[in-house]
Amino acid sequence: MTVRNPRPAVLRDLGYQAYAPVWHAMQAFTDARDADTVDELWLVEHEPVFTLGQAGKPEHVLMAGDIPVIHVDRGGQVTYHGPGQIVAYPLLDLKRLKIGVRDYVCKIEQAVIDTLAEWNVVGVRRAGAPGVYVGDAKIAALGIRVRRGCAFHGLAFNITGESTPPFARINPCGYAGLQVVALQDIGGPTSLDVVKPVLVDQLSRQFGLAWRKAETPPEVPV
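Caption draft 1: View of empty space enclosed by the protein. What the rule picks out here adds up to two cavities of 30 Å³ or more. In this structure, the largest cavity spans a volume of roughly 70 Å³. Looking at the largest cavity, the residues that line it are Thr-79, Gln-85, Lys-138, Ile-139, Ala-140, Ala-141, Ala-156, Asn-158, Phe-167, Pro-172, Cys-173 and Val-180. When contributions to the lining of the largest cavity are tallied by element, the ones reaching two or more residues are strand S8 (137–147) and strand S9 (150–158). Examining the composition of the lining of the largest cavity, we find that four residues originate from one element, S8, more than from any other. Here the residues of the lining of the largest cavity sort into eight nonpolar, three polar and one charged. Estimates place the volume of the second largest cavity at around 30 Å³. In terms of lining, the second largest cavity is formed by Ile-108, Glu-109, Val-112, Gly-131, Val-132, Ala-140, Ala-141, Leu-142 and Leu-155. Those elements that provide at least two residues to the lining of the second largest cavity are helix H3 (101–117) and S8. Split by residue class, the lining of the second largest cavity holds seven nonpolar, one polar and one charged.

Caption draft 2: Seen up close, the environment of Arg-74. Its location among the elements puts Arg-74 in the loop between strand S4 (69–71) and strand S5 (78–81). Judged by relative accessible area, Arg-74 falls into the buried class, the value being 7%. When the C-alpha positions of Arg-74 and Arg-145 are compared, they lie 4.9 Å apart, and in sequence the two are 71 residues distant. Arg-74 has contacts with Thr-51, Leu-52, Gly-53, Gln-54, Thr-79, Gly-143, Ile-144, Arg-145 and His-153, leaving out every residue within four places of it along the chain. A distance of 2.8 Å separates the side chain of Arg-74 from the backbone oxygen of Thr-51, its partner in a polar contact.

Caption draft 3: Focus on the pairing of strand S2 (residues 40–46). The element S2 is largely enclosed, with a buried count of six among its seven residues. Where strand S1 (residues 7–17) and S2 come together, six bridges link them in parallel fashion. Residue pairing in the sheet places Leu-11 in a bridge with Leu-41 of S2. With helix H1 (residues 19–32) bridging S1 and the parallel S2, this β-α-β connection has right-handed handedness. Across five bridges, the pairing between S2 and strand S6 (residues 85–91) is antiparallel.

Caption draft 4: How the structure looks around the packing of aromatic side chains. For the structure shown, the criterion picks out five aromatic pairs. Between the aromatic rings of Tyr-80 and Phe-167, the centroid separation amounts to 5.6 Å while the plane-to-plane angle is 80°, which identifies the pairing as edge-to-face. Of this pair, Tyr-80 sits in strand S5 while Phe-167 sits in the loop between S9 and strand S10 (179–180), and the two are 87 residues apart along the sequence. Aromatic rings pair up to connect Phe-50, Tyr-80 and Phe-167 into one cluster.

Caption draft 5: Looking closely at the pattern of salt bridges. Under the defined criterion, the tally for this structure stands at 12 salt bridges. Taking the shortest distance from any N to any O, the salt bridge between Arg-147 and Asp-73 comes out at 3.5 Å. Here Arg-147, found in strand S8, pairs with Asp-73, found in the loop between S4 and S5; they are 74 residues apart in sequence, far enough to count as distant. Across the pair, Asp-73 and Arg-147 agree in class, each one buried. Here Asp-193 and Lys-196 are joined by a salt bridge, their closest N and O atoms 3.7 Å apart.

Caption draft 6: Quick peek at the sheet that holds S4. Taken together, the three strands give an open sheet; going across it, the order is S4-S3-S5, and neighbouring strands pair in mixed fashion. At either end of the open sheet lies a strand with only one pairing partner, and these are S4 and S5. Direction aside, the axes of adjacent strands within the sheet are offset by 30° on average. Across three bridges, strand S3 (residues 49–52) lies against S4 in parallel orientation. Bridging from a neighbouring strand, Thr-51 pairs with Ile-70 of S4.

Analysis parameters
Residues numbered from 1 in each chain as written. Predicted model: local features only at pLDDT ≥ 70, side-chain atom pairs only at ≥ 80, totals over all residues. Heavy atoms only, no water. 1 Å grid on protein atoms, 1.4 Å probe; cavity = no way out; pocket = protein on both sides within 12 Å on 5 of 7 lines; lining within 4 Å. Points joined across faces, edges and corners; volume = space filled by probe spheres on them. Helix = DSSP H or I, 4+ residues; strand = E, 2+ residues; numbered from the N terminus. Nonpolar A, V, L, I, M, F, W, Y, C, P; charged D, E, K, R; others polar. Buried < 20%, exposed > 50% of the residue type's maximum accessible area, 1.4 Å probe, protein only. Contact = heavy atoms within 4.5 Å. Polar contact = N/O pair within 3.5 Å; in protein donor to acceptor, adjacent residues only side chain to side chain. Pairing = 2+ DSSP bridges. Right-handed = clockwise from strand over helix to strand, strands pointing away. Phe/Tyr/Trp six-rings, centres within 6.5 Å; stacked < 30°, edge-to-face > 60°. Salt bridge = Lys/Arg side-chain N within 4 Å of Asp/Glu carboxyl O. Axes fitted to C-alpha atoms, helices over the stretch in contact; angles between N-to-C directions.

This is the structure:
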């Protein structure tokens, strides 16, 4: 699919970061933006953390151990972020793009499905359970927040097997016994840097955006 007249947007690769400072930076960006603010996409690999969404039930954290648990303002239940995972935060003005929340979720899922297809992996959706699955196992989790028509938070895409063991300490997304898989486990690449440009390209296709890589990071509070 060729996008005609794509809208300019900014791409930032934040590297390896703690979760809370990036979360607060997303909030600050969203609160400060106006009708002319350029959309952004942040890519990050987080230090290990469990996050509980607004409806998250603490009992779904079975054994946190040495991994911190943070209550956050996205939708959904509990998930894990950590090494071996691409976390993508599309900071998009949905009102300006004329995209409803349901279509927004579908477009993110489709970007992941099309990225998996690059390595001949079949990804699917499940009714009532946002995210992308390979067979019975979840490979990408999705949790978003929309404020004043602008989206933040986003998706977590498991690339290497290092990212999956901590999921045994929780009921992923609130589902007891839900299996989790990484792309590496099913014959895909082991490098996040190989997958990132494919995912970015698929997100650009879904949202009609042309990314310009930022030379400086956002202001991430410490």
